[in-house]
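Listed below, chain by chain, are the residues.
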Amino acid sequence: MAVWEPMPTDDRDWVLDAAAGVPGVHGSYHLIDPVTGNGLSIAFFEDEAAAQAARKAIEKRAEEIGWNSAPHPAPASTAMYDVIRHA
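Residues numbered from 1 in each chain as written. Predicted model: local features only at pLDDT ≥ 70, side-chain atom pairs only at ≥ 80, totals over all residues. Heavy atoms only, no water.

Brief notes about the pattern of salt bridges
Then step 1. Per the stated rule, a full pass over the model turns up three salt bridges.
Then step 2. Residue D10 pairs with R12 through a salt bridge whose shortest N-O separation is 2.7 Å.
Then step 3. Residue classification places R12 among the buried residues on the basis of a relative accessible area of 13%.
Then step 4. The partner of K60 in a salt bridge is E64, with the nearest N and O atoms 3.4 Å apart. Taken together, the positions of K60 and E64, both in helix 2 (residues 48-65) and four residues apart, correspond to about one turn of that helix.
Then step 5. Among the residues examined, K60 registers a relative accessible area of 55% and is labelled exposed. (Salt bridge = Lys/Arg side-chain N within 4 Å of Asp/Glu carboxyl O. Buried < 20%, exposed > 50% of the residue type's maximum accessible area, 1.4 Å probe, protein only. Helix = DSSP H or I, 4+ residues; strand = E, 2+ residues; numbered from the N terminus.)

Digging into the nonpolar core
Then step 1. In terms of nonpolar packing, the biggest core is built from five residues, these being A19, V22, V25, A54 and A57.
Then step 2. Those residues in contact with A57, other than ones at most four positions away along the chain, are A18 and V22. (Core = buried A, V, L, I, M, F, W, Y, C linked by side-chain atoms within 4.5 Å. Contact = heavy atoms within 4.5 Å.)

Structural notes on helix 1 (residues 13-20)
Then step 1. Turning to helix 1, its buried residues are W14, V15, A18 and A19. What you see down the axis of helix 1 is that its buried residues fit within an arc of 130°, all on one side. Seen from the open side of helix 1, the exposed residues pointing more than 90 degrees away from its buried face are D17 and A20.
Then step 2. Packing partners of the buried residues in helix 1 comprise strand 2 (25-32) and helix 2. (Arc of directions from axis to C-beta.)

A short note on the sheet that holds strand 3 (residues 39-45)
Then step 1. If you trace the four strands from one edge of the open sheet to the other, you get 2-3-1-4, paired in antiparallel fashion. Here the strands that pair on one side only, and so sit at the sheet edges, are strand 2 and strand 4 (77-78). (Pairing = 2+ DSSP bridges.)

A few points about the packing of aromatic side chains
Then step 1. Within this structure, the stated rule accounts for two aromatic pairs.
Then step 2. When the ring of W14 is compared with that of W67, the centres are 5.2 Å apart and the planes differ by 55°; the resulting orientation is tilted. With W14 in helix 1 and W67 in the loop between helix 2 and strand 4, this residue pair connects regions lying 53 residues apart in the sequence.
Then step 3. Relative accessible area serves as the criterion here: at 12%, W14 is assigned to the buried category.
Then step 4. On the numbers, 6.3 Å between centres and 75° between planes, the contact of Y29 with F44 is edge-to-face. In this pair, Y29 is assigned in strand 2 and F44 in strand 3, connecting sequence segments 15 residues apart. (Phe/Tyr/Trp six-rings, centres within 6.5 Å; stacked < 30°, edge-to-face > 60°.)

Okay, structure coming up:
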């Protein structure tokens, strides 16, 4: 999970697309609070290996599109959580 203050409004669909192609990725979401503009990026992975593979796929795609050639906002914080219950 990444916390954004505020959530960037530039096109970051490529992040979701890069992660979606990785086995063990069960979904990724970018959420925004319409009042404050703050947001969350949340992804669900089968295990730590899938999370690391998704990170590598995102980094590779960033290189391919030249994303790293210009500064971009970074999350205010990031954290990993284990799912203990879901419906």
